[in-house]
Amino acid sequence: MVHKHTQTALLQVGNTSTVLALVRQDGFSCHVYPTTRDSAAELCKTLLADSGLSGVDELYLGGVVPHVLEELTTCLGQVSSAPVLHLLDARLASSVIELRYDPPGSLGFDRVCKLLAASHLIPGQDCVLVDMGTAVTVDLLEQGRIFVGGLIMPGEQICLDALGQFTAQLPGLSLAEAPLLDDLQFGQSTLACMYQGVRQMTRAGVNAALRQALARLPGAQVLITGGGAPGFLNDAPDTGEIRHVPDLVLQGMAVLAEMSSV
Ligand SMILES: Nc1ncnc2c1ncn2[C@@H]1O[C@H](COP(=O)(O)OP(=O)(O)OP(=O)(O)O)[C@@H](O)[C@H]1O
Ligand SMILES: CC(C)(CO)[C@@H](O)C(=O)NCCC(=O)O
Ligand SMILES: [K+]
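Residues numbered from 1 in each chain as written. Chains lettered and ligands numbered in written order. Predicted model: local features only at pLDDT ≥ 70, side-chain atom pairs only at ≥ 80, totals over all residues. Heavy atoms only, no water.

**Some remarks on the sheet that holds strand 9 (residues 146–154)**
Applicable threshold: Being paired, for any two strands, means DSSP has found at least two bridges between them. Every helix listed is a DSSP run of H or I at least four residues long, and every strand listed is a run of E at least two residues long, numbered separately from the N terminus. By definition in these notes, contact holds between two residues if any of their heavy atoms fall within 4.5 Å. Here an angle of 0 to 180 degrees is reported between the N-to-C directions of two axes, which are lines fitted to C-alpha atoms, with helices fitted over the stretch in contact.
Taken in spatial order, the 6 strands make up an open sheet running 6-9-8-7-10-11, and their pairing is mixed. A strand with exactly one partner marks an edge of an open sheet, and here the two such strands are strand 6 (98–99) and strand 11 (242–244). Sheet topology places strand 8 (residues 135–142) next to strand 9; 8 bridges connect them, and they run antiparallel. What sits directly across from Val-136, in strand 9, is Met-153. Against the sheet, helix 5 (residues 190–216) makes contact with strand 7 (127–132), strand 8, strand 9, strand 10 (221–225) and strand 11, and its axis sits at roughly 165 degrees relative to strand 7, the strand it touches most.

**With respect to the domain arrangement of the protein**
Much of the literature gives interface size as the accessible area that the parts lose upon coming together. This is how the line gets drawn: Marked domain ranges trace back to an automatic or database domain assignment. Buried surface area refers to the total accessible area, computed with a probe of radius 1.4 Å, that the two partners give up upon joining, counted for both partners together.
Assigned domains within the protein: domain 1 (8–87) and domain 2 (95–254). Between the C-alpha centres of domain 1 and domain 2 the distance comes to 24 Å. Taken residue by residue, the interface counts 14 residues in domain 1 and 9 residues in domain 2. Overall, the association of domain 1 and domain 2 removes approximately 840 Å² of surface from exposure, summing both partners, and the carbon and sulfur fraction of that is 76%.

**Digging into the UniProt feature "binding site: K(+)" (unreviewed entry) in the protein**
Threshold: UniProt positions are given in the numbering used here, feature names are shortened, and annotations may be inferred rather than shown by experiment. Classification of residues uses two cut-offs on accessible area relative to the type maximum, computed with a 1.4 Å probe and protein chains only: under 20% is buried, over 50% is exposed, and between them is partly exposed. By the criterion applied in these results, polar contacts are pairs of N or O atoms within 3.5 Å in which, for protein atoms, one can donate a hydrogen and the other can accept it, and in which residues neighboring in sequence qualify only through two side-chain atoms.
If you check UniProt for "binding site: K(+)" (unreviewed entry), the listed places come out as Asp-131 in our numbering. Residue placement: Asp-131 occurs in strand 7. Judged by its relative accessible area of 9%, Asp-131 falls in the buried class. At a separation of 2.6 Å, a polar atom in the side chain of Asp-131 contacts the side chain of Lys-114.

What follows is the structure, given as structure tokens:
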């Protein structure tokens, strides 16, 4: 008898991108889509039209845009060829990690996932988790099992959007179209000043947060993820060794999926 292999996938809805990750033996094979926050129906259509979902038997969903998750679940649930859907519940994590947060359930799904992933990657260790995504977060995990706190900063794109929106003379800029910034610290055009400004602000903010985090948890391992991570690492951070784990949220989702299927 031939046993059909079950294909499991994760769907991570971020504020900027939605990632469909097919679970492989050695990691994830990813398809990335823009999170169309105004139209979850559009995202659903895109997902179904693409080849990513074909052959997926079990799909675990989670993320930080509740209404999109809700609508996706409804919309995919109506398609007969769609995989079996499981909406992940981050509250399960509280059996492994003590969440010192008020209230604990308000800690973002992605942040919970990163804590879970770290507690598996480096069990029992102190660590600092940096996510340079839509928002930039720095979270502290003590002894691999106590979330002692963190902080939330605006991401670079949000900063650019805000400058464009709240001023008369500054344009709306996209990070995706940023010119290659050289080491010149100060710009000589509006665009260069804006790109340099938000880059330096983010960099300084993360470096400062890391210094404080490492004062609180000396010797902690620093893990970094998110779209802005490669750029940050390129810029020679102040702190010592930083480990880049691009799929940290997905790794945590996989742990959560495992926990929820037993
Ligand atoms: N080259 C870059 N340099 C700096 N920052 C970048 C770069 N590319 C992307 N970013 C930042 O990363 C953000 C996108 O992050 P990411 O790719 O992790 O998306 P996301 O997973 O949807 O975000 P989140 O999970 O935080 O909602 C952008 O909004 C921007 O602030
Ligand atoms: C902070 C973000 C936006 C980072 O992606 C996300 O984790 C979120 O929406 N969190 C909910 C609020 C909180 O974590 O306190
Ligand atoms: K909001």
